[in-house]
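What the coordinates show
Residue-level listing of the chains:
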Amino acid sequence: MDQIDWALLVLRMGTGSIILAHGVNHARGRRRTTAWFASIGFRNPELQWLASTAGELAVGVLLVAGLLTRAAAAGLVAIMVVAFWSVHRSNGFFIFRPGEGWEYVATLAMLGAVLALAGPGMASVDHVIGIDETLSGSAGVLLVVGAVAAAALLLALFFRPSPTPATKNAG
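Think of each chain on its own: its residues are numbered from 1, step by step along the sequence as written. Local features in this predicted model are restricted to residues whose pLDDT is 70 or higher, and side-chain atom pairs enter the listing and the counts only when it is 80 or higher, whereas totals over whole chains, interfaces and linings include all residues. Note that the side-chain values use all heavy atoms of the structure and ignore hydrogens as well as water.

Describing the overall build of the protein
Secondary structure follows DSSP: runs of H or I at least 4 residues long count as helices, runs of E at least 2 residues long count as strands, and numbering of each begins at the N terminus. The helix and strand inventory of the protein stands at 8 helices and 0 strands. Taken from the N to the C terminus, the helices and strands of the protein come in the order α-α-α-α-α-α-α-α. Its C-alpha atoms give the protein a radius of gyration of 17 Å, within 12% of the compact-globule value 16 Å for 171 residues. Along the first, second and third principal axes, the C-alpha atoms of the protein reach 60 × 30 × 30 Å. Split into buried and exposed, the 171 residues of the protein put 36% on the buried side. Note on definitions: a residue-residue contact is assigned when non-hydrogen atoms from the two residues lie within 4.5 Å. At a minimum sequence separation of 6, the contacts of the protein that also span at least 24 residues come to 70%. Only the protein chains shown count as covering a residue, and every accessible area follows the Shrake-Rupley method with a 1.4 Å probe. As displayed, the protein has an accessible area near 9,400 Å², and 69% of this comes from carbon and sulfur atoms. Based on C-alpha atoms, the radius of gyration is set beside the globule rule, defined as 2.2 Å times the residue count to the power 0.38. Under the scheme applied here, a residue whose accessible area is under 20% of the maximum for its type counts as buried, over 50% as exposed, and between as partly exposed, the area being computed with a 1.4 Å probe on protein chains only.

Have a look at this one:
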């Protein structure tokens, strides 16, 4: 293993652990998380809870293991696009701002994009079973583009936030 492989291992393990922790938190707080999804404007919040929780758990486990890494990393990008659009975009950049800005979700999305492009490195299940080079960085680009499209579709189908007071008066 060279320095890049070590760097990819640290990046995968750290990023995977972070998103896995989010998934565990959602799994433990099903009622609370479902109610929160409803409160921010998601139709069928139970389905959103299931998709979010399963997605975060799967992405986290796959990244930590280095299995289907490029696809898992693209999944992380999709999750962060949904989080950005539905929660963080109108709250400014910094996470410490009221409502939590978008710096954190942007950072995780960038980490996902980097892993989708760079691949898993040698210390991965993908490498052990010989699929680490089956999907190249070009495939990573396509996976990320597809993930962003999937996130946009999810938002188009399920995200219906209530109009803000200014919007209500404008109509």
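Observations concerning the layout of surface pockets
Put simply, the grid is 1 Å and covers the protein atoms alone, a cavity is a trapped set of points that fit a 1.4 Å probe, a pocket is an open set with protein on both sides within 12 Å along at least five of seven lines, and lining residues have an atom within 4 Å of a point. Grid points are joined across faces, edges and corners, and a volume is the space filled by probe spheres set on the points. A volume near 670 Å³ is recorded for the largest pocket. Taken together, 32 residues line the largest pocket, and the ones lying closest to its centre are His26, Ser52, Glu56, Ile79 and Ala83. For the lining of the largest pocket, the secondary structure elements donating two or more residues are helix H1 (3-28), helix H2 (30-40), helix H3 (45-65), helix H4 (69-88), helix H5 (103-118) and helix H7 (137-158). Per-element accounting of the lining of the largest pocket gives the leading share, 9 residues, to H4.

Let's talk about the side chain of Asp132
Considering the arrangement of structural elements, one finds Asp132 in the loop between helix H6 (125-128) and H7. No salt bridge is formed by the buried Asp132; its nearest oppositely charged neighbour, Arg70, is found at 7.7 Å. Counting of polar contacts relies on pairs of N or O atoms within 3.5 Å, with two restrictions inside protein: one atom must be capable of donating a hydrogen and the other of accepting it, and residues adjacent in sequence are counted only when both atoms are side-chain atoms. Side-chain polar atoms of Asp132 contact the side chain of His127, separated by 2.7 Å. Those residues in contact with Asp132 that lie beyond four places of it in its chain are Arg70, Pro120, Asp126 and His127. When charges are counted, Lys and Arg are positive and Asp and Glu negative, with His and the chain ends excluded. A pair is scored as a salt bridge if a Lys or Arg side-chain nitrogen falls within 4 Å of a carboxyl oxygen belonging to Asp or Glu.

Description of the packing of H5 against H7
Where H5 meets H7, the closest approach of the two axes is 6 Å, and the angle between their N-to-C directions is 145°. The residues of H7 that touch H5, namely those facing Ala113, Ala116 and Leu117, are Gly137, Gly140, Val141 and Val144. A fitted line through C-alpha atoms serves as each axis, taken over the contacting stretch for helices, and the angle formed by two N-to-C directions is quoted from 0 to 180°.

Points about H3
Every α-helix winds through 3.6 residues per turn, so residues three or four apart in the chain are directed the same way. Helix span, as expected, comes to 1.5 Å for every residue beyond the first. Its 21 residues place the ends of H3 30 Å apart at the C-alpha level, agreeing with the 30 Å of an ideal helix rising 1.5 Å per residue. Buried within H3 we find Gln48, Trp49, Ser52, Thr53, Glu56, Val59, Gly60 and Leu63. Each buried residue of H3 sits inside an arc of 140° when the element is viewed along its axis, so together they form one side. For H3, the secondary structure elements touched by its buried residues are H1, H2, H4, H5 and H7. Gly66 lies just past H3 and shows a positive phi near 75°. This arc is built from the directions going out from the helix axis to the C-beta atoms.

A look at the packing of H4 against H5
Running from N to C, H4 and H5 point in directions that differ by 160°, and their axes come no closer than 8 Å. Taken together, the axes of H4 and H5 are roughly antiparallel relative to one another. The hand of the H4/H5 crossing is left-handed. Facing H4, whose interface residues are Arg70, Ala73, Ala74, Leu76, Val77, Met80, Ala83, Phe84 and His88, H5 presents Val105, Leu108, Ala109, Gly112, Ala113, Leu115, Ala116, Leu117 and Ala118. For the contact of H4 with H5, the per-class residue count stands at 15 nonpolar, 2 polar and 1 charged. Any angle that falls under 35 degrees is termed roughly parallel, while one over 145 is termed roughly antiparallel, one within 65 to 115 roughly perpendicular, and all others oblique. Two helices crossing with the near one rotated counterclockwise from the far one by less than a right angle form a left-handed crossing, whereas a clockwise rotation gives a right-handed crossing. Residues were grouped as follows: Ala, Val, Leu, Ile, Met, Phe, Trp, Tyr, Cys and Pro as nonpolar; Asp, Glu, Lys and Arg as charged; and all remaining residues, including Gly, as polar.

Quick word on the environment of Asp2
Within the secondary structure, Asp2 is located in the segment before H1. For the pair Asp2 and Gly121, spaced 119 residues apart in sequence, the C-alpha separation works out to 9.3 Å. Here Ile4 takes part through its backbone nitrogen, which lies 3.1 Å from a polar atom of the side chain of Asp2. One polar contact links the side chain of Asp2 to the main-chain amide nitrogen of Asp5, over a distance of 2.9 Å.

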